[in-house]
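What follows is each chain in one-letter form.
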Amino acid sequence: MQQSPDQIRRAYRQMRLIREFEERLHIENPKGEIAGFTHLYSGQEAIAVGVCETLGDNDYIISTHRGHGHCLAKGCDPRDMMHEIYGRADGLCKGRGGSMHIADLTKGMLGANGIVGAGQPIAVGAAVACKARKDGSISVSFTGDGASNQGTVFEAMNMAVVLKLPKLFVFEDNGYSEHTGSSYGIGGDLKTRIEGFGIPVWEADGFDYFSVYEATEKAGAHARAGKGPSAILATATRYFGHFEGDPQNYRAKDEVQNFRDTVDALKQIREKVTGAGIFTNEELDAIDAEVLALIDDCVESARSGPTPDADVLMSDVYIDY
Ligand SMILES: Cc1ncc(C[n+]2csc(CCOP(=O)(O)OP(=O)(O)O)c2C)c(N)n1
Ligand SMILES: [Mg+2]
């Protein structure tokens, strides 16, 4: 563990923030106040945080339909995000994007995206900007195992290699694409497939923050050094259904509980840092309590926030010059 206690504290808090944000949405969603589909990221926290903790303010990320974790990890404000998810006028995107279209350009968060595989070509465009700026910044895309089969992803990988772009492809294999197992849905081996494009791959344990952080540091250094794109392949699981309301009949009854009991990302980081004497359980409990109170505040204020006026429906659709 080469990270400072401050870095580790921040990473732990970020992971706890994502976990509680999502666990609370799981409770609130059935109440019917949140419009549209909600896809929760619980279980995969170590990937978003392990990647984003290596990034700076001028690095870009682009997310997926399962985007809350990526947004929080890149520094989006949880209160503004909760307001957005509830469709409130003071949400991060003025209440018109909702769960699957959260973006915050001030944080380099270029957007979640309801279209599977659509983010990668956008991230290639951002990588062109990074290269032109010559400031050592990189563009990062998150891609699910299902999305890894999309033609847009192949095209993005090829373009990033041809243009030798500072681009990091993060592949998150959470075991499923909707209800189809990744062991069935991915032909051949994903690592070999990515390498076939000429992109070096660093593998990481997606339940282990330190594993993801270290892999991303190496892969990111490759991309920042002007050597062209690189990739992370991280494996974890999602703790909830594909979307909120998914009955998950395709999963074994104890599948998720087994993951929660054994390799859970929060459990692992807690055991590692208390075992190494960096923090006590009481110190981490205090972070947990602070985060829980914050989430209570976010939900309470989002539930009572104003909704947008109908006459702003068509604004911000195209950029004004
Ligand atoms: C182009 C396109 N095809 C299909 C869908 C329907 N769809 C939404 S999520 C999803 C599965 C994505 O799986 P994966 O990339 O593994 O991400 P995960 O849901 O596991 O995070 C599909 C097929 C879509 N939204 N867009
Ligand atoms: Mg998946």
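Details of the structure are given in the entry above.
Residues numbered from 1 in each chain as written. Chains lettered and ligands numbered in written order. Predicted model: local features only at pLDDT ≥ 70, side-chain atom pairs only at ≥ 80, totals over all residues. Heavy atoms only, no water.

Caption draft 1: How the structure looks around the packing of helix H1 (residues 5-28) against helix H12 (residues 281-303). In contact at an axis separation of 9 Å, H1 and H12 are set at 40° when each is read in the N-to-C sense. On the basis of the axis angle, H1 is oblique to H12. Crossing geometry of H1 relative to H12 is assigned as right-handed. Along its contact with H1, which presents Arg9, Tyr12, Arg13, Arg16, Leu17, Glu20, Phe21, Arg24 and Glu28, the element H12 presents Leu284, Ile287, Asp288, Glu290, Val291, Leu292, Leu294, Ile295, Asp296, Val299 and Arg303. Partitioned by chemical class, the residues of the contact of H1 with H12 number ten nonpolar, no polar and ten charged. (Axes fitted to C-alpha atoms, helices over the stretch in contact; angles between N-to-C directions. Helix = DSSP H or I, 4+ residues; strand = E, 2+ residues; numbered from the N terminus. Parallel < 35°, antiparallel > 145°, perpendicular 65-115°, else oblique. Left-handed = near helix turned anticlockwise from the far one by under 90°. Contact = heavy atoms within 4.5 Å. Nonpolar A, V, L, I, M, F, W, Y, C, P; charged D, E, K, R; others polar.)

Caption draft 2: Spotlight on the site of ligand 1. In the vicinity of ligand 1 lie 15 residues, with His65, Arg66, Gly146, Ala147 and Asn174 positioned nearest. Between ligand 1 and His65 there is a distance of 2.7 Å, counted from an oxygen atom to a side-chain nitrogen or oxygen. Side-chain polar atom of Glu178 to a nitrogen atom of ligand 1: 3.3 Å apart, as the coordinates give it. Its free accessible area being 580 Å², ligand 1 has 73% of it covered by the protein chains. Per-class residue counts for the shell around ligand 1 are four nonpolar, eight polar and three charged. (Near = heavy atom within 4 Å. Polar contact = N/O pair within 3.5 Å; in protein donor to acceptor, adjacent residues only side chain to side chain. Areas by Shrake-Rupley, 256 points an atom, 1.4 Å probe, with all protein chains shown as cover.)

Caption draft 3: Looking closely at the pattern of salt bridges. For the coordinates displayed, the defined rule picks out 23 salt bridges. Lys191 is the partner of Glu195 in a salt bridge, and the nearest nitrogen-oxygen pair spans 3.0 Å. Pair noted here: Glu195 and Lys191 are both in helix H8 (residues 190-196), with a separation of four residues, about one helical turn. Judged by relative accessible area, which is 23%, Lys191 ranks as partly exposed. Here Asp288 makes a salt bridge to Arg270, at a shortest N to O gap of 3.0 Å. Placement of Asp288 in helix H12 and of Arg270 in helix H11 (residues 265-275) is noted, with a sequence separation of 18 residues between them. Like Asp288, the residue Arg270 is buried in the burial classification. Look at the salt bridges and you will find they share partners, linking Arg16, Glu20, Arg270, Asp285 and Asp288 into a network. (Salt bridge = Lys/Arg side-chain N within 4 Å of Asp/Glu carboxyl O. Buried < 20%, exposed > 50% of the residue type's maximum accessible area, 1.4 Å probe, protein only.)

Caption draft 4: Broad picture of the side chain of Ser139. With respect to the element layout, Ser139 can be found in strand E2 (residues 139-144). For Ser139, a relative accessible area of 1% translates into the label buried. There is a polar contact of 2.7 Å between the side chain of Ser139 and the backbone oxygen of Ala123. Ignoring sequence-local partners within four residues, the contact set of Ser139 consists of Tyr60, Ala123, Ala126, Ala127, Cys130, Pro166, Lys167 and Leu168.

Caption draft 5: Quick look at the nonpolar core. Within the largest apolar cluster, 61 residues are counted, with the highest numbers of intra-cluster contacts made by Met15, Phe21, Met82, Val140, Val170, Tyr209 and Ile232. A per-element tally of this core places H1 first, with eight residues. If we ignore the near neighbours within four places in the chain, the residues touching Val170 are Ile47, Val51, Val140, Ser141, Phe142, Thr143 and Ile232. By size, the runner-up hydrophobic cluster in this structure holds 16 residues, among which are Val124, Leu165, Leu190 and Ile199. (Core = buried A, V, L, I, M, F, W, Y, C linked by side-chain atoms within 4.5 Å.)

Caption draft 6: Geometry of the pairing of E2. Burial of E2 is extensive: five of the six residues sit out of reach of the surface. Examined bridge by bridge, strand E1 (residues 60-62) and E2 share three bridges and lie parallel to one another. Bridging from a neighbouring strand, Ile62 pairs with Ser141 of E2. Relative to strand E3 (residues 167-173), E2 runs parallel, the two sharing six bridges. What sits directly across from Val140, in E3, is Leu168. For the crossover from E2 across helix H6 (residues 151-162) to E3, the handedness is right-handed. (Pairing = 2+ DSSP bridges. Right-handed = clockwise from strand over helix to strand, strands pointing away.)

Caption draft 7: Quick look at the coordination of the magnesium ion (ligand 2). The coordination sphere of the magnesium ion (ligand 2), as far as protein atoms go, consists of Asp145 (OD), Asn174 (OD1) and Tyr176 (O), spread over 2.1 to 2.2 Å. For the magnesium ion (ligand 2), the donor residues sit on a single chain with the sequence spacing D-x28-N-x1-Y. Here the residue Asp145 occupies a position in the loop between E2 and H6, and Tyr176 occupies one in strand E4 (residues 176-177), the gap between them amounting to 31 residues. (Donors = N, O, S within 2.8 Å, 3.2 Å for Na, K, Ca; no water.)

Caption draft 8: Layout of the environment of Thr64. As for its placement among the helices and strands, Thr64 is situated in the loop between E1 and helix H3 (68-73). Since its relative accessible area comes to 13%, Thr64 is described here as buried. Among residues more than four places away in sequence, those in contact with Thr64 are His70, Ala112, Asn113, Phe142 and Thr143. Reaching out from Thr64, the side chain makes a polar contact with the backbone nitrogen of Arg66 at a distance of 2.9 Å.

Caption draft 9: Representation of the environment of Lys94 within the structure. If you trace the backbone, Lys94 turns up in the loop between helix H4 (78-85) and helix H5 (119-133). Its relative accessible area of 43% is what places Lys94 among the partly exposed residues. Lys94 sits 218 residues away from Val312 along the chain, and the two C-alpha atoms are 9.4 Å apart. In this structure, Lys94 is in contact with Glu84, Arg88, Ala89, Pro308 and Asp316, ignoring residues within four places of it in sequence. Within the structure, Lys94 has its side chain in polar contact with the side chain of Asp316 (distance 2.9 Å).

Function cannot be inferred from these measures alone, as they are strictly geometric.
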